[in-house]
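# Summary of the model geometry
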Amino acid sequence: MGRSRSRSVSGTPEWLRERRKRSATGTLRERPPLESSGGGDRGGGDKGGGKGGKPGDWECPKGCGMVFASKPSCFKCGAPNPSGGGGGGKGAKPGDWKCPGCDAMVFASKDSCFKCGEKKPRDGGGGGRDSGRGSSSRYDDRDRDRDRDRDRR
């Protein structure tokens, strides 16, 4: 089966030859811009490509374009956010620790830093919201062992 072959010698489909003729004579009409109609994923909507941006997004002071609110600097030129914001994630969870080697925030279930490989300090590394809680932390020994086993797989 498959597609039917063109009847022309060149193999160009008839619709394309007609379109090229209209384009050459100037009778080809421009399509109106697509409006957000709520259906499909063609144009509009909240997914990328838009000019509006979301709350907290900022314009690069050097004119490079829109930068996401979570970014501390421009992705093109590296200019810092003029309002000083950005760089934030969702925040540290109880038991998360700050790596002493590179200052990265590491999940509580991890024994070593994902960035530099530094081992988790015996005191827990601090840095998390509730890192000073001691034995009432989010994970007891059994949970921590189960997480380690799962991470090794």
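Residues numbered from 1 in each chain as written. Predicted model: local features only at pLDDT ≥ 70, side-chain atom pairs only at ≥ 80, totals over all residues. Heavy atoms only, no water.

All right, on to the overall build of the chain then. The number of helices and strands found in the chain is 2 helices and 4 strands. The 153 residues of the chain split such that 16% are buried. Split by element, the accessible area of the chain, about 12,800 Å² in all, is 48% carbon and sulfur. (Helix = DSSP H or I, 4+ residues; strand = E, 2+ residues; numbered from the N terminus. Buried < 20%, exposed > 50% of the residue type's maximum accessible area, 1.4 Å probe, protein only. Areas by Shrake-Rupley, 256 points an atom, 1.4 Å probe, with all protein chains shown as cover.)

Here cysteine 113 lies in the loop between β4 (105-106) and α2 (141-152). Given the relative accessible area of 5%, cysteine 113 is considered buried. Separated by 10 residues in sequence, cysteine 113 and aspartate 103 have C-alpha atoms that sit 9.5 Å apart. Those residues within four positions of cysteine 113 in sequence are excluded, and the remaining contacts are Trp97, Cys99, Cys102, Ala104, Val106 and Glu118. (Contact = heavy atoms within 4.5 Å.)

Here the structure, examined in full by the defined rule, presents 2 salt bridges. For glutamate 14, the salt bridge is made with arginine 17, and the minimal N-O distance between the two is 2.5 Å. Of the two residues, glutamate 14 and arginine 17 are both situated in helix α1 (residues 14-25); the distance of 3 residues between them amounts to about one turn of the helix. For lysine 21, the salt bridge identified is with glutamate 18, shortest N-O distance 3.6 Å. Of this pair, lysine 21 and glutamate 18 are both found in helix α1, 3 residues apart, which corresponds to roughly one turn of the helix. (Salt bridge = Lys/Arg side-chain N within 4 Å of Asp/Glu carboxyl O.)

When the pLDDT values of the chain are averaged, the result is 74; 63% of them are 70 or greater. Low pLDDT, under 50, characterises residues 40-46; the predicted model gives this stretch 4 contacts beyond four residues in sequence or across chains. Long-range and interchain partners of residues 128-139, a stretch whose pLDDT sits below 50, account for 17 contacts in this model, where long-range means more than four residues apart. (pLDDT = per-residue confidence, 0-100.)

Within the secondary structure layout, aspartate 57 lies in the loop between α1 and β1 (58-59). If near-sequence neighbours (up to four positions away) are discounted, aspartate 57 is found in contact with Met66, Val67, Phe68 and Ala69. Among the polar contacts listed, one links the side chain of aspartate 57 to the backbone nitrogen of lysine 54, at a separation of 2.9 Å. At 2.9 Å, the side chain of aspartate 57 and the backbone nitrogen of alanine 69 are in polar contact. (Polar contact = N/O pair within 3.5 Å; in protein donor to acceptor, adjacent residues only side chain to side chain.)

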